[in-house]
Structures are given as C-alpha cells and as structure tokens.
Amino acid sequence: MNRNISLYEAIGEAEGLRSIVESFYPKVQAHPLLGPLFPEDINPVMDKQFLFLSQFFGGPSLYSDQYGHPMMRARHLPFPITPRHAAAWLGCMRRALEETGLAPELQAAIIERLSGPAYHFVNTSEEET
C-alpha cells in the first residue's frame, strides 16, 4: 500500500467506501449478536457510517460538517458492547472488505485502523450480558 495516500484514497474514495458500507451492513444485520442492536431500517445508519468513515479514513470531514464532533464512544454508550461484539463487528468488516476485492494489505490496514475504536467502544463485560 502506498503510504503517501490516505486510506480513503486507497479504497477508491466515496465510491469505494460506499461499496464497503453496502457490503458490511447486511452482514451486521444477519449476525445473531450484532443484528439486534441495529434498527430494522438500516439506511440512516449506513449513511452515517459512510460520513464517519470518509472522515476517519482521511477523506472529507462529512460527518463533522453535518453532525459536529463524532464523539463515537458516547454515541455507543446506550448499547451493551462487549469484546465479543467488537470482534464480531470487525469480523463482518473483514468479510465486507474481502467481498469488495480490496488488496489484502489494504484490508489489513483498514482492520488495524478500525480495531482500536472497535474495542474502545466496549462498555460491558461478557459477564453482564
């Protein structure tokens, strides 16, 4: 992967990111652990994820421009998120990245970038669920 460009550019900017998000959310909805945490109408969630990831991967600040500071941990506090949820979320993302045909080294870079936040959102121990 060319380290002189952002992840946003490397995935194909808006078009590539939209493809990832559209591949990712059906996997999340179908996942027995994750699906119940999401609304039936997933489109607003997908739109926000697209805006957030655009910014998070080094593209335009679409999320902040529309909603202000992301405050992602605070936004996830109402939901019980365990380490298993974080791992499942990352697993769905891995499958989406594979499905979209990104180069393996780019997939690894994206998962590495997302792993920190995924586990940062953990707010519930496995014993509490």
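Residues numbered from 1 in each chain as written. Predicted model: local features only at pLDDT ≥ 70, side-chain atom pairs only at ≥ 80, totals over all residues. Heavy atoms only, no water.

## Observations regarding the overall build of the chain
For step 1, the next point in the chain: Check the secondary structure of the chain and you find 7 helices and 0 strands.
For step 2, the next point in the chain: Listing every helix and strand of the chain by position from the N terminus yields α-α-α-α-α-α-α.
For step 3, the next point in the chain: Its C-alpha atoms give the chain a radius of gyration of 14 Å, within 12% of the compact-globule value 14 Å for 129 residues.
For step 4, the next point in the chain: Overall, the C-alpha framework of the chain stretches about 45 × 30 × 25 Å when taken along its three principal axes.
For step 5, the next point in the chain: A fraction of 68% describes how many contacts in the chain between residues 6 or more apart in sequence connect residues 24 or more apart.
For step 6, the next point in the chain: Surface accessibility of the chain: about 7100 Å² in total, with carbon and sulfur atoms responsible for 54%. (Helix = DSSP H or I, 4+ residues; strand = E, 2+ residues; numbered from the N terminus. Rg over C-alpha atoms; globule rule 2.2 N^0.38 Å. Contact = heavy atoms within 4.5 Å. Areas by Shrake-Rupley, 256 points an atom, 1.4 Å probe, with all protein chains shown as cover.)

## Some points on the nonpolar core
For step 1, the next point in the chain: Ranked by size, the top nonpolar core spans 37 residues in total, and within it Leu-53, Phe-57, Met-93, Ile-110 and Leu-114 carry the most contacts.
For step 2, the next point in the chain: Counting residues per element, the ones that place at least two in this core are helix 1 (7-10), helix 2 (13-30), helix 3 (43-56), helix 6 (83-100) and helix 7 (104-120).
For step 3, the next point in the chain: Element by element, the count of residues in this core is highest for helix 6, at 8 residues.
For step 4, the next point in the chain: In contact with Leu-114, other than residues within four places in its own chain, are Leu-53, Phe-56, Phe-57, Trp-89, Leu-90 and Met-93. (Core = buried A, V, L, I, M, F, W, Y, C linked by side-chain atoms within 4.5 Å. Buried < 20%, exposed > 50% of the residue type's maximum accessible area, 1.4 Å probe, protein only.)

Any functional reading would require information beyond the geometric quantities listed.
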